[in-house]
Structure formats: structure tokens, C-alpha cells
Amino acid sequence: MASERILVVDDEPYVRTVISAMLEKAQYRPVLASNGLEALERLQADPPYDLVLSDIMMEGMDGMSLLDRLRETQPETPMVMVTAIHDVGVAISAIRKGAYDYLLKPFEKEQLLATVRRALEHRRLAQQNSMYQSNLEQLVAARTDMLRQAISDLERSYDITLEALGDALDLKDAETEGHSKRVTGYTVALARAMGLSPTDIRTIARGAFLHDIGKMAIPDAILLKPGRLDGDERSVMRDHCARGYQILSKIPYLREAAEIVYCHQEHFDGSGYPRGLKGEQIPLGARIFAVADTLDAITSDRPYRKANSFTAARKEIQRCAGTQFDPQVVDMYLNMPDVLWVDLRKEISQHARFSPFAYDGTGDEASN
């Protein structure tokens, strides 16, 4: 049974009464207004209405002005214009401005009811479409969140695997135990200070953590040799950069990180290896890593010497700016206090579950 509320607007009482009677017999609920201003008051004070039937020519606010206001405030409510034959051009203009249809006076009951049914069906379909669009947007948003979470979980799974690889390398080369995590933490801190994006920082962190992965392919007789390496042995050891690149570049997820692994022993002045790259030929991540790597090397114990101070490391890194290191990276490092590196090293050493890929400088890494 129809129960839609229809606002009938006409300045002729007889016309309002006739239209109201026709609508009531069809089980609609008409509400009457004598002009545009009264109709606006009804629309504002007692919404919603399912349809507005309005005369065009009225004293005060006419039907065209009412149409403009209705489209602004309740664009989902259809409006049918009721007009005399000589106003048909105005009615067509109203349709162009957003009216649903028009009725010519005088009209028959069936004409009125057929137009009302079409207008209400139009409103119903528009509401269904709007609801469908809203539900579709919510579904897309939900699926997007699920996909984003799945990608995040997959990346985290990858990173856990990478951590296991780094830990395996540390077990093989006890001389540098913990080095991969420390140098990654230092590299990330420097990259953040230089304003790199989170995406770039994640890539650099993976490259820093896996920089020595190529040593897995170096014979133990060379890798674990207690004394100095001869020329041939040094040549084999230097090959770990290319070996690491070959291992990681086959993995699409690590292709960019592989470039850092390949270049982590290059020097800013071109005196490094394996390709003798110089300046900006070296990826920025590798240039940042070079400073972090030297910082950790100087401040860590080795079988042939004790760890030196962070102050000594600062002096050495400053001395090598422009030769071994990118001067801009060195400048950023020199602007960062030694206490930052001391605290970061302590945090990494105290928390066995420290994740180099979750490090963001907030101090919450151990819980990740």
C-alpha cells in the first residue's frame, strides 16, 4: 500500500484540494502549501518528502525558485512541475534545471497518478543506486584494507626470513656478531635524518642488513682465516659484493636492495670496489651505509684490536669525507650527537628481538 508523503504546492485552493483528494484515494499522504515560501518551511521543518508537486506561476516565490532551493537542499527529492499550456516552455526549462517531469493543467486523475508513480519509482531507483554505490565504496575500502594488511603481513614475513639469513651469517662469522643489526640501525637513523621516505628507508634497511650476504659463498678457509689474507684471498673476499648481488637480484622483492649490496664497498672518489663507481653513481643508500658501516667497525671489538670510541669514529669519518664518504652524508652524521649512536647500540645489544626493519627511532622496536 502506498504511503509516500507528497508536498503539493499551489496558490489556488481549489487546485490544491483536487490534487490532495486524488492522492489520498491512491493511499498517498499529501501535505499542502500555498506558495514557495510555505513549501520551503515545510521542507525544512518536517522532512523528508518523497515528492514535490508544484505550480510554476505563484505569487512570492514561484515554482522555479522553489526548484532551485530544493536542488540545493534536498537533491534526492524529485519535483514535478504543474503548469498551464502557455507555460510549457517554462516547464521544459525547469526539467533542464533538474525537475523530474511536468503536468499540464487541466489533467486527469490517471495522468496525475501515472506521473507520481514514475517520479516515486525514479526516486526509489536513485536511492537504491546511491545505497549500492555506498555499499560498493565500503566493500572496496574493506577489500583495500584487507589487501593492504595482506601485503604488510607478507612483507613482515619476508623480513623475518631476511633476519634469519642475517643471523645465520652472524653465526658463521662470529667476528662480526651483531654487526648486521647495528649497522642497519645506524643506516636507518641516518636515512631518517636525511628526510628519506619510509619506502626508501625500508629498501635501504634491507640492503644494509644483507650487505654481507655474499660471504655465504666465500670458502670458510678464507672467511674464517685468523691471519692476514694474501692477494688471491683478498680478491676472492672482495667478490662477496657481486655474489650478494647475484643472490638477491633474482628476488623481485629485493631487487633495489641488491643494488646497495652490490655497491656497499664503493668509495665516493671512485677508489672502492667492485666497479670503481664514484659520486652519485653510487646509490644513496650505499653512500649512507658506508658511513654507518665504518662507525660500527671502529666502535666494535675485533680479534686484532679493541673497540675505539665514538669520538674517534667521528674524527675518522670526518677525515674521509670526499674520499671514502659522501660529504653530504658526513655532514648529516656530524650534526647527530654521539649519544644517539651509543643509546642505539645499547638498545640493539640489550634486546635480542630487536628488528632492524621495524626501527623507527621511537624506542619500541623490541616489542615488534
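Scroll up for the structure.
Residues numbered from 1 in each chain as written. Predicted model: local features only at pLDDT ≥ 70, side-chain atom pairs only at ≥ 80, totals over all residues. Heavy atoms only, no water.

(A) Representation of the environment of Leu32 within the structure. Inspection of the secondary structure puts Leu32 in strand S2 (residues 29-33). Each C-alpha atom, one on Leu32 and one on Arg16, is 6.8 Å from the other, the two residues being 16 residues apart in sequence. For Leu32, the residues in contact, after removing those within four places along its chain, are Val8, Arg16, Ser20, Glu38 and Arg42. (Helix = DSSP H or I, 4+ residues; strand = E, 2+ residues; numbered from the N terminus. Contact = heavy atoms within 4.5 Å.)

(B) Structural detail: the side chain of Thr294. Within the secondary structure layout, Thr294 lies in helix H12 (residues 284-298). A polar side-chain atom of Thr294 sits 3.1 Å from the main-chain carbonyl oxygen of Ala290. Ignoring any residue separated from it by four or fewer positions in sequence, one finds Thr294 in contact with Ile317, Gln324 and Phe325. (Polar contact = N/O pair within 3.5 Å; in protein donor to acceptor, adjacent residues only side chain to side chain.)

(C) Just the state of the cysteines, in detail. For the structure shown, the criterion picks out 0 disulfides. Take Cys241: it sits in no disulfide, and the sulfur closest to it among the cysteines is that of Cys263, at 8.6 Å. Using a relative accessible area of 1% as the deciding quantity, one classes Cys263 as buried. (Disulfide = S-S within 2.5 Å. Buried < 20%, exposed > 50% of the residue type's maximum accessible area, 1.4 Å probe, protein only.)

(D) Fine view of unusual backbone geometry. Geometrically, the link from Pro47 to Pro48 is a cis peptide bond, its omega value of -5 degrees lying close to zero. Looking at the element boundaries, Pro48 is found in the loop between helix H2 (36-45) and strand S3 (51-55). Pro274 follows Tyr273 through a cis peptide bond whose omega is 10 degrees. On the secondary structure map, Pro274 appears in the loop between helix H11 (255-263) and H12. In this model, Gln27 sits at a positive phi of 70 degrees, which is unusual for a non-glycine residue. Structurally, Gln27 can be placed in the loop between helix H1 (13-25) and S2. On the accessibility criterion, Gln27 (40% relative accessible area) is partly exposed.

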